[in-house]
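# Coordinate analysis (summary)
As a plain string of letters, each chain reads:
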Amino acid sequence: MPLRIGITCYPTYGGSGIVATELGKELAERGHRVHFITYALPQRLTRFHPRLFYHEVEIMSYPLFEHPPYVLALASRMAEVAKYEKLDLLHVHYAIPHAAAAYLAKKINGDNLRVITTLHGTDITLVGLDHTFLPVTRFSIEQSDGVTAVSRFLKRVTLKEFAPNTDIRVIPNFINTQVWRRISIDGCRGKLAHRGDKVLIHVSNFRPVKRIADVIMIFKAVSRKIPSTLLLVGDGPERSRIEELVRKERLSEKVQFLGKQESVVELLSCADLLLLPSQTESFGLAALEAMSCGVPVIASKTGGLPEVVTHGKTGYLHSVGNVEAMAESAISILKSDRLWARMSAACRKFAVDVYSTERIVPKYEKYYAEIMNR
Ligand code: GMT
């Protein structure tokens, strides 16, 4: 049965907003009416669809408000949209502060509205555990009618750290494998790298948790053995520190800072290997995007990454900070065309078979139906 669904997420940064937006688009394709309720237009909400709507959350400024009360503005907008668009459920992505706002909206609307919270990562592993947020985070998770986590790892951590008296369903992230596929782009490598170079790539929001200094040191070791170029895609607080490191290590000729990019598929299509040596990742959407484009991954054996990357088959996993082992694994893939081709094919197959939109989105629909019937 088609539902009327409100979706709230962080619209501009991070994987949780991307997943929420892709989910909303896919649900609209499948006949549901989807209302995004966010403070800015979600990054990936780029085309018109007759069943997709966007409601901006306006935040009033007033001299007394040193910190404008966003949660209240969001809850008010959620309550309004729920009432006038007759929403069946609100699906919020990233618990803080969205689950608390949804709880308020539900109370305003007289409890008929169902609330589903999807946990994405640092809302649990980092921010949510901070004592300034913990009681509200636990409360709003427990008050949600349904809770999902994007990996088995994240479910485990949530149960351990928060011990909420609620069930958590694992519904992993997904990828549109028709869009995220290796495309052939004439001369792309020639424009980005020296002739004959292997191309390594890292895509992130340049936060400390990504350990980009490790990316640089892995690349340094690789480039000593194999002519190669490193593409750094994205931007964030670590950028200038990493630029400094690249200059210090005399790698400027071989490392390209591309900043934020729209066409990541094109860049991945020119790449031979993705480096993702993060401190932690609840899932690692960047790894899945690369794999869907046939790019093997070298990553940390941490968090949910082992649920995405299979050691020895679609890439290699090593303990956090083990730069030497990661560099050795990278070299072993890059120096053998046969191994690369086998891994590249396995990456694509895994993305299609396990994490494609077609596999995962029906799990959300089934879960919605369960929650509506409860
Ligand atoms: O914690 C973040 O980095 C932000 C968060 C987000 O909202 O983008 O990322 C998390 O959610 C992604 C989508 O589910 C996951 O792919 C990332 O692994 C996860 N990040 C971390 O756990 C560090």
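Note that this is a predicted model, so its numbers are computed, not measured.

This part takes up the packing of aromatic side chains. Pairs of aromatic rings are described using the distance from one ring centre to the other and the angle between the two planes. Per the stated rule, a full pass over the model turns up 7 aromatic pairs. Seen from their ring centres, Tyr 364 and Tyr 368 are 6.4 Å apart, and the 40° between their planes marks the pair as tilted. Of this pair, Tyr 364 and Tyr 368 both sit in helix H15 (residues 357-373), 4 residues apart, which is roughly one turn of that helix. A relative accessible area of 0% means that Tyr 364 is categorised as buried. By the ring-pair criterion, three or more aromatic residues cluster together here, those being Phe 283, Phe 350 and Tyr 355.

Relative to the assigned elements, Ile 212 resides in helix H8 (residues 212-225). Taking C-alpha positions, Ile 212 is 7.9 Å from Glu 238, a pair spaced 26 residues apart along the chain. When sequence neighbours within four positions are dropped, the list of residues in contact with Ile 212 reads His 202, Ser 204, Phe 206, Leu 232 and Ile 242.

A few words on the domain arrangement of the protein chain. Each assigned domain of the protein chain is listed here: domain 1 (4-174 + 356-372) and domain 2 (188-355). Inter-centroid distance (C-alpha atoms) of domain 1 to domain 2 is 30 Å. Contact with domain 1, which involves 19 residues of that partner, is made by 16 residues of domain 2. For the pair domain 1 and domain 2, the summed buried surface comes to about 1,300 Å²; carbon and sulfur atoms form 55% of the total. Three residues stand out in domain 1 for area buried against domain 2, namely Phe 153, Asn 173 and Ser 356, and they jointly supply 33% of the buried area on that side. Between the two partners, domain 1 and domain 2, sit 1 salt bridge. Here Arg 44 ties to Glu 289 by a salt bridge, and the two come within 3.7 Å at their closest N and O atoms. Between domain 1 and domain 2 we count 7 residue pairs in polar contact (both at pLDDT 80 or more) in total. Grouping the constituent residues of the side of domain 1 that touches domain 2 by class yields 9 nonpolar, 7 polar and 3 charged.

Structurally, Arg 169 can be placed in strand E7 (residues 169-170). The partly exposed category is assigned to Arg 169, whose relative accessible area is 25%. Between the C-alpha atoms of Arg 169 and Lys 363, which are 194 residues apart in sequence, the distance is 10.0 Å. Once residues lying within four places of it in the same chain are set aside, the contact partners of Arg 169 are Val 147, Thr 148, Ala 149, Tyr 367 and Glu 370.

Definitions and cut-offs
Residues numbered from 1 in each chain as written. Predicted model: local features only at pLDDT ≥ 70, side-chain atom pairs only at ≥ 80, totals over all residues. Heavy atoms only, no water. Phe/Tyr/Trp six-rings, centres within 6.5 Å; stacked < 30°, edge-to-face > 60°. Helix = DSSP H or I, 4+ residues; strand = E, 2+ residues; numbered from the N terminus. Buried < 20%, exposed > 50% of the residue type's maximum accessible area, 1.4 Å probe, protein only. Contact = heavy atoms within 4.5 Å. Domains from an automatic or database assignment. Buried area = accessible area lost by both parts, 1.4 Å probe. Salt bridge = Lys/Arg side-chain N within 4 Å of Asp/Glu carboxyl O. Polar contact = N/O pair within 3.5 Å; in protein donor to acceptor, adjacent residues only side chain to side chain. Nonpolar A, V, L, I, M, F, W, Y, C, P; charged D, E, K, R; others polar.

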